[in-house]
Amino acid sequence: MVAKTLAERIRRDGPLPLPDYMGAVARAYYAQPSVIGAAGDFITAPEISQTFGELIGLWSAVVWQSMGAPAKVHVVECGPGRGTLMRDFLRAAERVPAFVAAAQVHLVEQSPTLRAHQHALLGHRASWHDNIDAVPSGPMILIGNEFLDALPIRQFERTASGWMERYVTVDDAGKFCFVLRPGEVAGAPPAQPGVIFETSPAVTEFAAKVAARLVRDGGAALLFDYGHRTTAAGETLQALKQHKFCGLFDSPGQADLTAHVDFAAVADAARHAGAAVYGAIEQGLWLNRLGIKLRGVQLAQGKSPEVAREIESAIRRLIEPDAMGALFKVIALAAPNLPRPEGFLPEDGA
Ligand code: SAH
């Protein structure tokens, strides 16, 4: 459906900017019945181990205390998927009952299908919004796991005569493909012809907005994603279907399109808006500092050897460098008056 609509639009109006294509395709993709989990296209940290959401819940409780324990705090999750992270978050946060009592849970989610999943787990507890602008103002703790990678990007290609921008068009066979148009790009490193450079105005706008709110109303944000700590050239846009990579234009609206996050750009945008920035650091390092292994040992107590092994191997998957521990990074943005949040050290760089 989305493919037909987009192809008609291109035939009528000419090539589409890549962000417009990605935005339309993502809306169709996430509205499908099952995208996350073993039966879907990809699996995420909260779906692998309950410890992920639990540690984030405890981290948030400590942030809330450091904010002066306000009587009301917005706990916002962007792109909550099946709602698993927030369920584990709230269960663990019960250790600090006053935090849970103060927490007003807001879920920023555009997919009606995923909203239904979230409602099944959190219906009594949360309210839903289409975007961050719709979340009421006030002190906030914001969480996002694999949210930024789903936002649209722009791609530039170095040619003999300079940078050109990739637009999406349709070929004679009716398949989507790229076409180059003149395009300006700031901040691209020197590159040979053929090299691709990506930017994400959607990601940097989001970071700037969140940071501005934190500076104004107080609080912190914690964002996990795969990506790089310094800006670099290279193509990272990828399509994933049933846990396998496929061509970008093979199954429009039926494959997950994501790009690696440029955490340097996130940090710059947040700092520019006046926020303090911690990291990005590797997810494995952060989870280890928060005591994920100890939590695993605790969880395994009294369980069968088989279950204990499963708990341990799920945690290994999140922290080991050759699994998700190194490719995934975590960055914290905070109001400048907050102390350094848990899991980040001065030597991590800010
Ligand atoms: N955080 C979840 C899901 C990650 S998938 C997990 O870790 O399992 C990406 C999530 O972001 C989905 O919930 C998807 O519907 C949502 N999403 C993607 N683009 C969005 C947008 N522009 N606005 C709001 N939500 C979006």
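Right above here is the structure, for reference.
Residues numbered from 1 in each chain as written. Predicted model: local features only at pLDDT ≥ 70, side-chain atom pairs only at ≥ 80, totals over all residues. Heavy atoms only, no water.

S.K.: Help me out: how do you make sense of the pairing of strand β6 (residues 154-159) in this one?
M.R.: The side chains of a regular strand alternate, residue by residue, between the two faces of the sheet. Examined bridge by bridge, β6 and strand β9 (residues 196-199) share four bridges and lie antiparallel to one another. In the strand pairing of β9, R154 is matched with T199. Between β6 and the antiparallel strand that follows it, strand β7 (residues 162-170), lie two residues. (Pairing = 2+ DSSP bridges. Helix = DSSP H or I, 4+ residues; strand = E, 2+ residues; numbered from the N terminus.)

S.K.: Help me understand the sheet that holds strand β11 (residues 238-241), please; the structure alone is not making it clear to me.
M.R.: Pairing between the strands of a sheet is mediated by backbone hydrogen bonds and can be parallel or antiparallel. Strand order in this open sheet of three strands is β12-β11-β13, and the pairing throughout is antiparallel. Only two strands of the sheet have a single partner each, and these edge strands are β12 (244-246) and β13 (256-258). Neighbour to neighbour, the strand axes of the sheet diverge by 40° on average, direction disregarded. Relative to β12, β11 runs antiparallel, the two being bridged by three bridges. Bridged to L240 within β12 is F245. (Axes fitted to C-alpha atoms, helices over the stretch in contact; angles between N-to-C directions.)

S.K.: How should I be thinking about the layout of surface pockets in this particular structure?
M.R.: Unoccupied space between atoms shows up once a probe the size of one water molecule is rolled over them. Each pocket or cavity is described by its volume, and for the largest pocket that value is around 920 Å³. Surrounding the largest pocket, 39 residues form its lining, Q110, D130, F147, A150 and L151 being those nearest its centre. Elements with a minimum of two residues in the lining of the largest pocket: α2 (18-30), α3 (45-48), α5 (84-93) and α8 (201-217). (1 Å grid on protein atoms, 1.4 Å probe; cavity = no way out; pocket = protein on both sides within 12 Å on 5 of 7 lines; lining within 4 Å. Points joined across faces, edges and corners; volume = space filled by probe spheres on them.)

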